[in-house]
Amino acid sequence: MVLYKVPFLTQALNLKHSVAQRMKQFYDRALRFDMGTPSRTLHQFNSNTHLSNWTLITDTIFGGKSDCELVKTNNDSCIFQGQLYTLTNGKKVLPSFARMWFVYPALHLDLSDYEDGGIKIKYRTERPDDFQLQFEFNHFVDDIFFYAPLVPSILREHTTYYHSAVGYKMQATKFYTEIDPESGEEWLVSEIPFTSFCVNNMGEETSISAIRRAKLGTTAPIYDILTLGVGISSMNEGPFSLELKSIEVYPGNETIKEF
């Protein structure tokens, strides 16, 4: 669901912000004598101030009863937790959901330097299969967002999509555990390539080829991101809890393969 309308003046400011951002990236690389793109931390969940910038949404906007909250821990992390309740539309049972969204300054984040890479998220949960990473793109119409599950799906990893008679294979999401060097604690880690994102349009899911039509020849349209979020969507009601440590963006090799 798109939460914000972007007026023309804001779009102009976004362009100015994007140019400044790209210039900073260029000079940062020049100072390192390296034209490569380093990993970049987007969110560290270690302060109450940062948590206050997140917006929480549940299926109550569609008449549901699910609830959620965001709680700071003493572990330089936060816990996104709540309760899912069955969501019905007449006789039809729909997935219940809860989401946390971060709205970027000037309603704009340019990650175009990372289109061959993806997003790395470090977390802990008992329900990893139910959570998704999501973002909204400034130039799309209302009620459309991009999403990818935190845990890779065998079906999606081995699916080939076709666009303009050219075949593309999705790069697989990496899912593994990692030991924190400072605390010694174990965390789940998902590395999600931008080619793994699909489109949700008013609840209807669309294949990756629709994303490429948004900006022909690339992966998901990440040059003008409005919001980034983490959410749970499930047909199973009950409590949920997701402890979040960090979210970062990483560079990578070419992810779109022609054959």
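Just so we're clear, the structure is a prediction, and the values are computed from it rather than from any experiment. Here the residue numbering is sequential within each chain, running from 1 through the sequence in written order. Totals for whole chains, interfaces and linings use every residue, but because this is a predicted model, local features are given only for residues with pLDDT of at least 70 and side-chain atom pairs only at 80 or more, for both listing and counting. Hydrogens and water molecules were not included; the side-chain quantities draw on all heavy atoms of the structure.

Draft legend 1. Seen up close, the environment of Leu150. Position of Leu150 relative to the elements: it lies in the loop between β10 (144-149) and α3 (154-157). A sequence separation of 38 residues divides Leu150 from Leu188, and the C-alpha atoms of the two residues are 9.8 Å apart. Here, residues are in contact when the closest pair of their heavy atoms is within 4.5 Å. Sequence-distant contacts of Leu150, that is, excluding residues within four places in its chain, are made with Ile121, Tyr123, Pro128, Phe131, Gln132, Leu133, Thr173, Phe175, Ser190 and Ile192. Strands are runs of DSSP state E lasting at least 2 residues, helices are runs of H or I lasting at least 4, and numbering of each runs from the N terminus.

Draft legend 2. Here's a closer look at the packing of aromatic side chains. We call Phe, Tyr and Trp rings a pair once their centres come within 6.5 Å, taking the six-membered ring for Trp, and we label the pair stacked below 30 degrees between planes, edge-to-face above 60, and tilted otherwise. Taken as a whole and assessed by the stated rule, the structure comprises nine aromatic pairs. Aromatic pair Phe62 and Phe97: ring centres 6.0 Å apart, planes at 65°, arrangement edge-to-face. Of this pair, Phe62 sits in the loop between β2 (54-58) and β3 (67-72) while Phe97 sits in strand β7 (residues 96-103), and the two are 35 residues apart along the sequence. The exposure class assigned to Phe97 is buried, which follows from its relative accessible area of 6%. Within the aromatic cluster, the residues linked to one another by ring pairs are Phe45, Trp54, Phe102 and Tyr104. In this scheme, the term charge over a ring applies when either NZ of a lysine or CZ of an arginine sits within 6 Å of the ring centre and within 35 degrees of the ring normal. Directly above the aromatic system of Phe97 lies the positively charged group of Arg99, at a separation of 4.2 Å from the ring centroid. Above the plane of the ring of Trp187 lies Arg124, whose end atom (NZ or CZ) is 3.9 Å from the centre. With a 1.4 Å probe rolled over the protein chains alone, any residue whose accessible area is under 20% of its type maximum counts as buried; one over 50% counts as exposed, and the rest are partly exposed.

Draft legend 3. Focus on the side chain of Asp180. Along the chain, Asp180 falls in the loop between β13 (174-179) and β14 (186-193). Lys245 provides the closest opposite charge to the buried, salt-bridge-free Asp180, at an N-O distance of 4.3 Å. In protein, a polar contact requires one atom able to donate a hydrogen and another able to accept it; more generally it is a pair of N or O atoms within 3.5 Å, and residues adjacent in sequence count only if both atoms are side-chain atoms. For Asp180, the side chain forms a polar contact with the main-chain nitrogen of Ser183, separated by 2.9 Å. Those residues in contact with Asp180, other than ones at most four positions away along the chain, are Glu185, Trp187 and Lys245. Under this rule, positive means Lys or Arg and negative means Asp or Glu; His and the chain ends count for nothing. Should a side-chain nitrogen of Lys or Arg be within 4 Å of a carboxyl oxygen of Asp or Glu, the pair is scored as a salt bridge.

Draft legend 4. Highlighting the pattern of salt bridges. Inspection of the entire model under this criterion finds five salt bridges. Two residues, Glu178 and Lys120, come together in a salt bridge whose shortest N-O distance is 3.5 Å. Highlighted residues: Glu178 in strand β13 and Lys120 in strand β8 (residues 118-125), separated in sequence by 58 residues. Judged by relative accessible area, Lys120 falls into the buried class, the value being 17%. Across the pair Lys122 and Glu178 runs a salt bridge, and its minimum N-O distance is 2.8 Å. Taken together, the residues Lys122 in strand β8 and Glu178 in strand β13 connect sequence positions 56 residues apart. We classify Lys122 as buried; its relative accessible area is 12%.

Draft legend 5. Representation of the pairing of β7. Taking burial as the measure, the eight residues of β7 include eight buried ones, the bulk of the element. Alternating positions in β7 separate into two faces, Ser96, Ala98, Met100 and Phe102 on one and Phe97, Arg99, Trp101 and Val103 on the other, with burial throughout. If DSSP finds at least two bridges between two strands, the strands pair. The pairing of β2 with β7 spans five bridges and is antiparallel. By the bridge assignment, Leu56 is partnered in β7 with Met100. With eight bridges connecting them, β7 and strand β17 (residues 225-234) associate as antiparallel partners. In the sheet register, Ser96 faces β17, and the bridge partner there is Ser234.

Draft legend 6. A look at the nonpolar core. Think of a nonpolar core as a cluster: buried Ala, Val, Leu, Ile, Met, Phe, Trp, Tyr and Cys residues, connected wherever their side-chain atoms sit within 4.5 Å. Leu111 and Leu133 are the most contacted members of the largest nonpolar core, which totals 42 residues. Among the secondary structure elements, those contributing two or more residues to this core are β4 (78-84), β7, β8, β9 (131-137), β10, β14, β17 and β18 (238-250). Excluding anything up to four places from it in sequence, Leu133 contacts Ile119, Ile121, Phe146, Tyr147, Ala148, Leu150, Ile192, Phe197, Leu228, Gly229 and Val230. Core analysis: the next-biggest nonpolar cluster, separate from the first, contains six residues, Ile57, Phe145, Tyr147 and Cys198 among them.

Draft legend 7. Representation of unusual backbone geometry within the structure. Even without being a glycine, Asp76 presents a positive backbone phi close to 55°. In this structure, Asp76 sits in the loop between β3 and β4. Classification of Asp76 by relative accessible area gives partly exposed; the value is 43%.

Draft legend 8. Examining the confidence of the model for the protein more closely. Overall, the predicted model of the protein reaches an average pLDDT of 76, with 66% of residues at or above 70. Per-residue confidence from the predictor is reported as pLDDT, a score between 0 and 100. Here strand β11 (residues 160-163) is the element of the protein with the lowest mean pLDDT, 36, and β4 is the one with the highest, 97. Predicted confidence for residues 1-6 stays below pLDDT 50, and this span has 26 contacts to residues more than four positions away or in other chains. Predicted confidence is poor over residues 254-259, with pLDDT under 50, and the contacts of this stretch with residues over four places away or in other chains come to 23 contacts.

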